[in-house]
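# Geometric and topological summary
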Amino acid sequence: MKIINVTGIGNSGKGAVVDLLRSFSNTWTPASSFEFDFFRINGGMIDFLEIISKDNSPIKTDMAFKRLKSNCIKMGINPKIIDLSGHFISTGHRYDRLFSGNFTKITNEFLDDLVESKIRAYWPFDRLEKSYISNFFIKFFLKIGFSSLDYSFIHQLNKDELDKKFDKYIQDLFSCLGDRKYGVYVMNNFFDPYHINDFVKWFRGIKSIVVVRDPRDIYVSGLSGAQINKKNKKLLPQENDGKEKSFLGTNDLDFFINRYKKNMESIDRGFPNSQLIIRFEDLIYDHKNTKKRILDFLEMDLGHEDSQESKFNPKLSIKNTFIWKKYDGVDEIDRIKLDLKDYIFDK
């Protein structure tokens, strides 16, 4: 089993690569709206693996274990409409829904298998993960005699054969995707393009494709809030509801430019056999050669290609290039071109 990570720097067109790979018979691809964040987030799986593999601090390892357990439940559960407690807990990711109801089960089994022993003892560090309100009530009840609230389970973890156990976890988890087993699984934003060695060492043969795009088109198609008016609303992609892309910071031009520049400068270029960087525009204007670059880089058995299954059509996607030319904010576009001149695309 192989994994392909498709990522970008925000609104850069990574979905085009996913759609391109969708036409291969031995390749599972997600819905365009799905991003598997569980591994890359702060307190996610990779953070946990890095801590327990390198650190013997009982505080750090126990906190990492509990944090990941908590995030597994929050991101994994798929509560029914009448499950009020589930809706209070859930972040809305609902990974159980994608993994045939097995995400939380398989993840918790993997984590529980690492527990060598545990005891219940005084352990105030858990309160660092509590909300202000929870801490207030804990302190209140401690003062009136409920001393057991300062006690919790402390876990000792066994790192022996961690690689082997994690590999089995991934195999078990990904086998729940789709209606059959695939040789290759494609993931949106499985990990960011910055420190890929943290991921490469945990996933055998994983490949990452980073899609970048002209910052002017990212800016215009990522307009949000009060920036959107009747005229420029026509320039926005369907998935931009005025809120979805607000993280790009288009309502603050300095923020947008700094964000784009720092992200581009931070892309990890030290592992060319593991990470490929392509331009969204090249997928359209130099489609044949760019597609060949991708397939040569992957070196995977993707299966036979059925062009009728492909969701990516360069002739249609061309409308998503040079959007900035239709935008009336000329001063903003000129500023982006000046400050981010190294990243501008011209035919």
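Below, the structure is looked at part by part. (Residues numbered from 1 in each chain as written. Predicted model: local features only at pLDDT ≥ 70, side-chain atom pairs only at ≥ 80, totals over all residues. Heavy atoms only, no water.)

### Regarding unusual backbone geometry
Residues apart from glycine generally show negative phi values, whereas peptide bonds are mostly found in trans. Positive phi outside glycine occurs at Asn-11, with the angle close to 65°. Note on placement: Asn-11 falls in the loop between β1 (2-8) and α1 (15-21). Take Asn-11: its relative accessible area is 12%, and that puts it in the buried class. Unusually for a residue other than glycine, Glu-299 sits at a positive phi of about 50°. Secondary-structure assignment places Glu-299 in the loop between α13 (287-298) and α14 (314-317). (Helix = DSSP H or I, 4+ residues; strand = E, 2+ residues; numbered from the N terminus. Buried < 20%, exposed > 50% of the residue type's maximum accessible area, 1.4 Å probe, protein only.)

### What about the sheet that holds strand β5 (residues 184-188)?
The strand order across the open sheet built from 5 strands is β2-β5-β1-β6-β7, with neighbouring strands paired in parallel fashion. Lying at the two open borders of the sheet, with one neighbouring strand each, are β2 (27-28) and β7 (275-279). Bridge count for β1 against strand β6 (residues 207-212) is 5 bridges, and the pairing is parallel. Residue pairing in the sheet places Ile-4 in a bridge with Lys-207 of β6. Helix-sheet contacts for α13 involve β1, β6 and β7, and the interaxial angle to β7 is about 170°. (Pairing = 2+ DSSP bridges. Contact = heavy atoms within 4.5 Å. Axes fitted to C-alpha atoms, helices over the stretch in contact; angles between N-to-C directions.)

### Considering helix α8 (residues 162-174)
Across its 13 residues, α8 extends 18 Å between first and last C-alpha, which sits within 8% of the 18 Å expected from 1.5 Å per residue. Within α8, burial applies to Leu-162, Phe-166, Tyr-169, Ile-170, Leu-173 and Phe-174. Axial view of α8: buried residues confined to an arc of 110°, hence all on one face. Along α8, exposed side chains directed more than 90 degrees from the buried face belong to Lys-164 and Lys-168. Tucked into the core, α8 has its buried residues touching β1, α2 (45-54), α6 (103-113) and β5. (Expected span 1.5 Å × (residues − 1). Arc of directions from axis to C-beta.)

### Some remarks on the pattern of salt bridges
Using the criterion set out here, one finds 24 salt bridges in the structure. The closest approach of N and O atoms between Lys-60 and Asp-55, which form a salt bridge, is 3.5 Å. Here Asp-172 and Lys-168 are joined by a salt bridge, their closest N and O atoms 2.7 Å apart. Pair noted here: Asp-172 and Lys-168 are both in helix α8, with a separation of 4 residues, about one helical turn. The partly exposed category is assigned to Asp-172, whose relative accessible area is 30%. On the accessibility criterion, Lys-168 (52% relative accessible area) is exposed. Among the charged side chains, a network of salt bridges with common partners joins Lys-14, Glu-35, Asp-37, Arg-40 and Asp-192. (Salt bridge = Lys/Arg side-chain N within 4 Å of Asp/Glu carboxyl O.)

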